[in-house]
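# Examining the three-dimensional arrangement
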Amino acid sequence: MTAPVVVLVGPPGAGKSTVGALLAERLGVEYRDTDTDIVATAGKPIAEIFIEDGEPHFRELEREAVRTALDGHCGVLALGGGAIMDDGTRKLLTGLPVVFLDVELADAVKRVGLDAPRPLLAVNPRKQWRELMERRRPLYTEVARTVIATGDRTPEDAVDAIVDALELRPAADAARPAGREEQA
């Protein structure tokens, strides 16, 4: 069984997509996002799935996308913000190198605005985001091996913090034989 080298969790605007892609590049592995997998499977955007099929159907698709990705992806994996709400998903994350990318509301708003098509934030997005985080923060921290605050960091700084916290070896380091320094 293969497992991701890093799993990123966190709320909208935390930087999962941006940081995940940069981290995968740094580590020389593939990047995968379960939200992208869900859109490909359903053939329509997540907002449409919520409207046309309802949140329970979306959560079923999400649960299956996470299970499939955890079983077959050995790179950096980003989960949708609500994936951790599922008990089964949290169990699947046990023992994996999960990083909670934490962000405060003001920083999330700067990054994604809260007018983007996010079904759970459609009405009074600031209030909804706060309530969402009250429910989710304990679950994010429950599954995380480490928490990285992204609000005051550039995406590159967040990648550095993840590499350091999980003691990962970037692709260039992994290719170099142990004990040998690169010659100038």
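See above for the structure.
Quick summary incoming for the structure in this document. From a predicted model like this one, the values you see are computed outputs, not experimental measurements.

## A look at the packing of helix α2 (residues 34-42) against helix α4 (residues 55-72)
At a minimum axis separation of 9 Å, α2 and α4 run at an interaxial angle of 120°. Handedness of the crossing formed by α2 with α4: right-handed. Every residue of α4 that contacts α2 at T34, D35, D37, I38 and A42 is listed here: F58, L61, E62, A65, V66 and A69. Taken together, the residues of the contact of α2 with α4 sort by class into seven nonpolar, one polar and three charged.

## Considerations on the sheet that holds strand β1 (residues 6-9)
Strand pairing in a sheet relies on backbone hydrogen bonds. The paired strands run either parallel or antiparallel. If you walk across this open sheet you meet the five strands as β2-β3-β1-β4-β5, and the pairing is parallel. The open sheet has two edge strands with one neighbour each: β2 (31-33) and β5 (146-149). The average angle at which neighbouring strand axes cross in this sheet is 25°, direction not considered. Across four bridges, the pairing between strand β4 (residues 98-102) and β5 is parallel. When the bridges of β5 are listed, D102 appears paired with A149.

## So, the pairing of β4
Counting buried residues in β4 gives five out of five residues, a clear majority hidden from the surface. What you see with β4 is no split at all: V98, F100 and D102 on one side and V99 and L101 on the other are buried throughout. Strand direction decides the pairing type here: β1 and β4, joined by three bridges, are parallel. Across the sheet, residue V9 finds its bridge partner in β4, namely F100.

What counts, and at which threshold
Residues numbered from 1 in each chain as written. Predicted model: local features only at pLDDT ≥ 70, side-chain atom pairs only at ≥ 80, totals over all residues. Heavy atoms only, no water. Axes fitted to C-alpha atoms, helices over the stretch in contact; angles between N-to-C directions. Helix = DSSP H or I, 4+ residues; strand = E, 2+ residues; numbered from the N terminus. Left-handed = near helix turned anticlockwise from the far one by under 90°. Contact = heavy atoms within 4.5 Å. Nonpolar A, V, L, I, M, F, W, Y, C, P; charged D, E, K, R; others polar. Pairing = 2+ DSSP bridges. Buried < 20%, exposed > 50% of the residue type's maximum accessible area, 1.4 Å probe, protein only.

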